[in-house]
Amino acid sequence: MHDADELIAFADVMASGSLTLSARRLGVAKSTLSRRLQQLETRLGQPLMRRQSNRLAPTEAGRVFHDYCLRLIALAEKGQQALDELREDISGELTLEVHEALTRCWVGPAIEEFMERHPGLQLSLVTRERLPENATNGSVVAWYGDTGNTPLRQEPVARLTRGLYAHPDYLARHGTPAHPRDLDDHAWIDLLGETNRELVLRHPRLGEYDVRPPGSRLRVDRLVLQSDAIVRGHGLGVLPVWMAGRRQAAHPDQLVRCLPEWEAPAMPVSLLYPHGHRPRKVTALLEFLREARPTDWHMTPGG
């Protein structure tokens, strides 16, 4: 077993090239630092440093061992962090930023159980329409849709399949499409400019069909508003099958899936948080959100 003080002494002298400077930085006597290096060399059975001009330079053995030394120090630090977290209370302030599509259907109802588990927490639940550019060390983001180029660490949770939906009264007035080519004759509820790009529908046997959604007289910027507009009979729209299923369970006569064997591209659900060490309260929240995923998310491709 290597002594941690010896490893730290070697790593610091490798960086500084000077016993005097490293002793000052580490807050120990120069003689103590020299003794630690000698003890490490004795333990390894090879010299690690040699004097070169006014500096200490690594031997070949020193260069080889240096990489392992840094890994051992990093591993020891992670172990200490893990132990520190066990002593850390799950309390204080915590922020959960959530895409509006996930707030009512998932996070809102689920988060009550998390608060009951941890009475010392003060949670701010913030609904977002756009992905935040950054997050603090006490913040987690739950996101629906593509995240693009973000500095936050991304953890995929699921990929939610999507389908076409309409209200029964709308279909009674305008007819039910039998094939994606029939969509040209229907009104469309546009979400965030979806009609500006092609929509690829996939069938398990017939393959892909490129749809150019017709221009929409009603464009909305929130998934829940799109769902409401479809329910009011304004036209067809693409919704996550999971979300539509929740609404159908509560109100069976509001939504009908059109072209049920055709699927729109799945949309990802992700957890995002800063890189680096996480406070225990953030780890607890992430673990809870993983556990609280709806069971039918596990059945979606990539979920």
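Quick note: structure is the one above.
Given the structure is predicted, the values throughout are model-derived calculations rather than measurements. (Residues numbered from 1 in each chain as written. Predicted model: local features only at pLDDT ≥ 70, side-chain atom pairs only at ≥ 80, totals over all residues. Heavy atoms only, no water.)

### Side note on the packing of aromatic side chains
Ring pairs (aromatic) are described by centroid distance and by the angle formed between their planes. Enumeration according to the criterion identifies 5 aromatic pairs in this entry. For the ring pair Phe114 and Phe288, a centre distance of 5.3 Å and an interplane angle of 45° mean the geometry is tilted. Of this pair, Phe114 sits in helix H5 (residues 100-117) while Phe288 is found in helix H9 (residues 280-291), placing the two residues 174 residues apart along the sequence. The same class applies to Phe114 as to Phe288, namely buried. Through a chain of ring-to-ring contacts, three or more aromatic side chains come together here, namely Trp106, Trp242 and Trp297. Above the plane of the ring of Tyr68 lies Arg71, whose end atom (NZ or CZ) is 5.2 Å from the centre. (Phe/Tyr/Trp six-rings, centres within 6.5 Å; stacked < 30°, edge-to-face > 60°. Helix = DSSP H or I, 4+ residues; strand = E, 2+ residues; numbered from the N terminus. Buried < 20%, exposed > 50% of the residue type's maximum accessible area, 1.4 Å probe, protein only. Lys NZ or Arg CZ within 6 Å of the ring centre and 35° of its normal.)

### Thoughts on the packing of H5 against H9
Closest axis-to-axis distance for the H5/H9 pair is 11 Å, and the angle between their directions is 130°. In this view, H5 runs oblique relative to H9, as classed from their interaxial angle. At the point where H5 passes H9, the crossing takes the right-handed sense. Where H5 abuts H9, its residues Trp106, Ala110, Ile111, Glu113, Phe114 and Arg117 lie against Lys281, Ala284, Leu285, Phe288, Leu289 and Glu291. Looking at side-chain class alone, the contact of H5 with H9 contains 8 nonpolar, no polar and 4 charged residues. (Axes fitted to C-alpha atoms, helices over the stretch in contact; angles between N-to-C directions. Parallel < 35°, antiparallel > 145°, perpendicular 65-115°, else oblique. Left-handed = near helix turned anticlockwise from the far one by under 90°. Contact = heavy atoms within 4.5 Å. Nonpolar A, V, L, I, M, F, W, Y, C, P; charged D, E, K, R; others polar.)

### Brief notes about the pattern of salt bridges
If charged atoms from side chains of opposite charge come close, those side chains can pair. Overall, the coordinates contain 12 salt bridges when judged by the stated rule. Among the ionic pairs, Arg43 bridges to Glu6, the shortest N-O distance being 2.8 Å. Placement of Arg43 in helix H3 (residues 30-44) and of Glu6 in helix H1 (residues 4-16) is noted, with a sequence separation of 37 residues between them. Using a relative accessible area of 2% as the deciding quantity, one classes Glu6 as buried. Two residues, Glu97 and Arg128, come together in a salt bridge whose shortest N-O distance is 2.7 Å. (Salt bridge = Lys/Arg side-chain N within 4 Å of Asp/Glu carboxyl O.)

### Concerning the layout of surface pockets
Put simply, the second largest pocket is a space of about 290 Å³. The wall of the second largest pocket is formed by 14 residues, among which Arg104, Cys105, Val224, Met243 and Arg247 lie closest to the centre. Of all the secondary structure elements, the ones that give two or more residues to the lining of the second largest pocket are H5, helix H7 (223-231) and helix H8 (241-250). Taken together, the residues that form the lining of the second largest pocket break down as 5 nonpolar, 3 polar and 6 charged. (1 Å grid on protein atoms, 1.4 Å probe; cavity = no way out; pocket = protein on both sides within 12 Å on 5 of 7 lines; lining within 4 Å. Points joined across faces, edges and corners; volume = space filled by probe spheres on them.)

### Overview of the nonpolar core
The biggest cluster of nonpolar side chains holds 42 residues, and the ones touching the most others in it are Leu102, Trp106 and Trp297. In contact with Leu102, not counting residues within four places along its chain, are Val107, Gly108, Ala142, Trp143, Tyr144, Val269 and Trp297. Core analysis: the second largest hydrophobic core is formed by 18 residues, Val13, Ala23, Leu33 and Leu48 among them. (Core = buried A, V, L, I, M, F, W, Y, C linked by side-chain atoms within 4.5 Å.)

### Some points on the packing of H1 against H3
At their nearest, the axes of H1 and H3 sit 9 Å apart, and the two run at 105° to each other. By the angle class used here, H1 and H3 are roughly perpendicular. For the pair H1 and H3, contact is made by Asp5, Glu6, Leu7, Ala9, Phe10 and Val13 and by Leu33, Arg36, Leu37, Gln39, Leu40 and Arg43, respectively. Of the residues contributing to the contact of H1 with H3, the split by class is 7 nonpolar, 1 polar and 4 charged.

### A short note on the environment of Thr32
You can see Thr32 is positioned in helix H3. Taking relative accessible area as the criterion, Thr32 reaches 17% and is therefore assigned buried. With 23 residues separating them in the primary sequence, Thr32 and Ala9 have C-alpha atoms 9.6 Å apart.

### Overview of the side chain of His203
Among the secondary structure elements, His203 is positioned in strand S8 (residues 199-203). In this structure the side chain of His203 is engaged in a polar contact, spanning 3.1 Å, whose partner is the side chain of Glu261. Contact partners of His203, with chain neighbours within four places excluded, come to Glu261 and Trp262. (Polar contact = N/O pair within 3.5 Å; in protein donor to acceptor, adjacent residues only side chain to side chain.)

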